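# Coordinate analysis (summary)
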Amino acid sequence: MGMFVQIEIDYNKCKNVKNCKICEDVCPVEIFKFEKLDNNRKISVVEENIDECIFCNLCLEKCPQGAITIKKLY
Ligand code: SF4
Ligand code: SF4
């Protein structure tokens, strides 16, 4: 669990984009994990890596659904 940062994906928005994994591709510190499931994909937030976030905002800028929220807790 990130102590200083909370990163959330709104799956109601994310699910509208088939096979998207832009967040995983753009994040320099591997906060997002893409998994291929049969005909679908699953995007997870990797809790152990959250505190590595450098607030580059790439994921926020590139997500076509505006599905990602980042909160600083300090
Ligand atoms: S702001 Fe940058 S480092 Fe943080 S999760 Fe998004 S892409 Fe990764
Ligand atoms: S970039 Fe946005 S829409 Fe695409 S997988 Fe990530 S959270 Fe979902």
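This text follows the structure it describes.
The rules behind the values
Residues numbered from 1 in each chain as written. Chains lettered and ligands numbered in written order. Predicted model: local features only at pLDDT ≥ 70, side-chain atom pairs only at ≥ 80, totals over all residues. Heavy atoms only, no water. Helix = DSSP H or I, 4+ residues; strand = E, 2+ residues; numbered from the N terminus. Rg over C-alpha atoms; globule rule 2.2 N^0.38 Å. Buried < 20%, exposed > 50% of the residue type's maximum accessible area, 1.4 Å probe, protein only. Contact = heavy atoms within 4.5 Å. Areas by Shrake-Rupley, 256 points an atom, 1.4 Å probe, with all protein chains shown as cover. Lys, Arg positive; Asp, Glu negative; His and termini not counted. Charge placed at Lys NZ, Arg CZ, Asp CG, Glu CD. Near = heavy atom within 4 Å. Nonpolar A, V, L, I, M, F, W, Y, C, P; charged D, E, K, R; others polar. Core = buried A, V, L, I, M, F, W, Y, C linked by side-chain atoms within 4.5 Å.

Attention shifts here to the overall build of the protein. Each helix and strand counted, the protein has 3 helices and 4 strands in total. A globule of 74 residues ought to have a C-alpha radius of gyration of about 11 Å, and the protein, at 12 Å, matches this closely. For the protein, the C-alpha atoms occupy an extent of roughly 40 × 20 × 20 Å along the three principal directions. Split into buried and exposed, the 74 residues of the protein put 30% on the buried side. Taking contacts inside the protein between residues at least 6 apart in sequence as the whole, the part at least 24 apart equals 56%. When the accessible surface of the protein is totalled, it reaches about 5,100 Å², and 50% of it is carbon and sulfur. Positive and negative charge centroids in the protein, built from 11 and 12 side chains respectively, lie 8 Å apart.

Near ligand 2, the surroundings consist of Ile9, Cys14, Cys20, Ile22, Cys23, Arg41, Ile43, Cys63, Pro64, Gln65 and Ile68. Only α2 (22-26) and β3 (40-45) provide two or more residues apiece to the shell around ligand 2. For the shell around ligand 2, a count of residues per class yields 9 nonpolar, 1 polar and 1 charged.

Bringing the nonpolar core into the picture now. Ile7, Ile9, Cys23, Ile31, Phe32, Val45 and Ile68 are the most contacted members of the largest nonpolar core, which totals 16 residues. At the level of elements, β1 (5-9) and β3 are the ones that each hand at least two residues to this core. Residue contributions to this core peak at 3 residues, all from β1. For Phe32, the contacting residues outside a window of four places in its chain are Ile7, Ile9, Cys23, Glu24, Cys27, Ile43, Ser44, Val45, Val46, Cys59 and Ile68.

This paragraph deals with the environment of Glu8. Note that Glu8 resides in strand β1. Separated by 61 residues in the primary sequence, Glu8 and Thr69 place their C-alpha atoms 5.2 Å from one another.

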